[in-house]
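Results of the structural survey
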Number of protein chains: 2
Amino acid sequence: MDDMEILEQARARIIETKSNNMSLYGVTPSIGRLYCLLFFSDKPLTLDEMKEELGMSKASMSLAVRTLLELNMVEKAWRKGVRKDLYVVNDDPYQRFFDYFSTKWRLAATTNTKATEKTITELQELITNPDTSDEVLEQAKLDMEKLENWREYYDWLNRLIDSMETKEILDFIPIRRENQTDKDKPGI
Amino acid sequence: MDDMEILEQARARIIETKSNNMSLYGVTPSIGRLYCLLFFSDKPLTLDEMKEELGMSKASMSLAVRTLLELNMVEKAWRKGVRKDLYVVNDDPYQRFFDYFSTKWRLAATTNTKATEKTITELQELITNPDTSDEVLEQAKLDMEKLENWREYYDWLNRLIDSMETKEILDFIPIRRENQTDKDKPGI
DNA sequence: AACTTTGTTTAATACATATTAAACGTATTA
DNA sequence: TAATACGTTTAATATGTATTAAACAAAGTT
């Protein structure tokens, strides 16, 4: 096996693993493979190049790229004299992780909070209303307790997402730089 | 609209919102509805009761419950004299969140770390081998840099998941208790 | 042991989503 | 303005996953 084959095989392993695990970000393996293609590419790619490389249609590439753009996993690039749209990976895994939370999870937290608060208000009215039957009253009280527990959790979740957006989370879980050069090390 | 209808409608809103947002946990809306059914139920339910309530087959309920069990979102319950299996929700949203990370995300982090480290080793050999062609050598060096960046990130991700498993994350993002009773409050 | 009850697996079906070819709109070039 | 290049949308198809009925296995009851 020559050296080029070794390199290809090494990349193939990463692509295989990565494109499957990307289901955690809610994307399909084929979108994951596109991400990996861009990841290993040393230059921005066009839709035609992607289509060629992955053997898929241009329409698929267009949709896949849009998905990755929405997740902030790829970015548009620009090159003088090139009319076609070019794309490169956003090669910061931390940012990718944080962006995912500040879009998808934030949306869920917001939606849930709204529904929960509206419902809590309604239940409150039901509970204070003297016409409410005993059976419904008891159920409403139980539901209230559960929903307030959830509301508290969504508040916590929002603060967790805040800490990712502001990167304050890195104060708590610091990045351990590997090839730390001398000038980066704290002084004696 | 009588009080029972108001209660039902209130629950319906939560169920609607929640069962859709649960796609973040990688489960389908129908599994989400099952989770909500158990959430609002004031007693453990059997497969037959779930099937009845949601109008689905017993086989579906069996599969759905297993999925929720794997995610630690429901637990088996037991009642004297009841032969059928009983299930209740694990009603701790924080725990549910943490469990999700310590299973799904941990698995991804572990898998990716292994693939990445194995590949880094291979690339290292390729780089130190004097027979490697210049073209491959250059590519290998670029790949190395990217992969080491990722390895660092997986290390960070693992430590984040650690902090959820140990709940140390709550030292950084504390829970804001709402109906805090006097005895819970810190002394003067 | 024979008969029930309960939960799971299997194989078939229904449903949803990913993918594509073709039509379309828009910008660029000549 | 006509002609070309490019990306997106649309409508149809392919593929995969969710769901179910029926067969099966395991445990409980008589």
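Note that the structure is predicted; figures quoted are calculated from it, not measured.

What follows is about the protein's contact with DNA strand C. Close to DNA strand C lie 15 residues; Ser-60 of chain A together with Ser-62, Arg-66, Lys-84 and Asp-85 of chain B are nearest. If you look at DNA strand C and keep only atoms within 4 Å of the protein, 89% of those are sugar or phosphate atoms. In the model, a phosphate oxygen of DNA strand C is placed 3.0 Å from a nitrogen or oxygen of the Ser-30 of chain A side chain. A distance of 3.4 Å separates a base oxygen of DNA strand C from a polar side-chain atom of Arg-83 of chain B. Listed by contribution, the elements that provide at least two residues to the surface near DNA strand C are α4 (58-70) of chain A together with α4 (58-70) of chain B. For the surface near DNA strand C, the element with the highest residue contribution is α4 of chain B, accounting for four residues. Residues belonging to the surface near DNA strand C are distributed by class as follows: four nonpolar, five polar and six charged.

Another point: unusual backbone geometry. One non-glycine residue, Lys-167 of chain A, lies in the positive phi region at around 65°. With respect to the secondary-structure elements, Lys-167 of chain A resides in the loop between α6 (134-165) and α7 (169-172).

In the structure shown here, the tally under the stated rule is 36 aromatic pairs over all chains. Look at Trp-156 of chain A and Phe-98 of chain B: their rings are 5.7 Å apart centre to centre, the planes differ by 80°, and that puts the pair in the edge-to-face class. Residue Trp-156 of chain A is found in helix α6, and its partner Phe-98 of chain B is found in helix α5 (residues 93-128); the two belong to separate chains. Across this residue pair, the class does not change: Trp-156 of chain A and Phe-98 of chain B are buried. Arranged with centres 6.3 Å apart and planes meeting at 45°, the rings of Trp-150 of chain B and Tyr-154 of chain B form a pair that is tilted.

In this arrangement, two copies of a chain are superimposed by a rotation about an axis accompanied by a shift along the axis. Laying chain B over chain A is done by rotating through 180° and shifting 0.0 Å along the axis; what remains is an RMSD of 0.1 Å. In short, the pair behaves as if placed about a two-fold rotation axis. Across chain B, the smallest distance between a C-alpha and the rotation axis is recorded for Phe-172 of chain B, namely 3.3 Å. Comparing contact sets, 100% of the residues at the interface of chain B also lie at the interface in chain A, consistent with an isologous, same-surface contact.

Criteria and cut-off values
- Numbering of residues starts from 1 in each chain and follows the order in which that chain's sequence is written.
- As a convention, the first chain written is A and the first ligand written is 1, with the rest following in written order.
- Under the rules for a predicted model, residues below a pLDDT of 70 receive no local features and side-chain atom pairs below 80 are neither given nor counted, while totals for whole chains, interfaces and linings still include all residues.
- Side-chain calculation: all heavy atoms of the structure are included, whereas hydrogens and water are not.
- Any residue with a heavy atom lying within 4 Å of a molecule or strand is counted as near it.
- Any N or O atom pair separated by 3.5 Å or less is treated as a polar contact, with the protein-specific requirement of one donor-capable and one acceptor-capable atom, and with residues adjacent in sequence counted only for side-chain atom pairs.
- Helix and strand definitions follow DSSP, with helices as H or I runs of at least four residues and strands as E runs of at least two, each counted in order from the N terminus.
- Each residue gets one label: Ala, Val, Leu, Ile, Met, Phe, Trp, Tyr, Cys and Pro are nonpolar, Asp, Glu, Lys and Arg are charged, and the others, such as Gly, are polar.
- Here a pair means two rings of Phe, Tyr or Trp (six-membered ring of Trp) with centres within 6.5 Å. Their orientation is stacked below 30 degrees between planes, edge-to-face above 60, and tilted elsewhere.
- Each residue is assigned to one of three classes by its accessible area relative to the maximum for its type, calculated with a 1.4 Å probe on protein chains only: buried under 20%, partly exposed between the two thresholds, exposed over 50%.
- Superposition of the copies used a least-squares fit over C-alpha atoms from residues whose pLDDT is at least 70 in both.
- Contact definition: two residues touch when any of their heavy atoms are within 4.5 Å.

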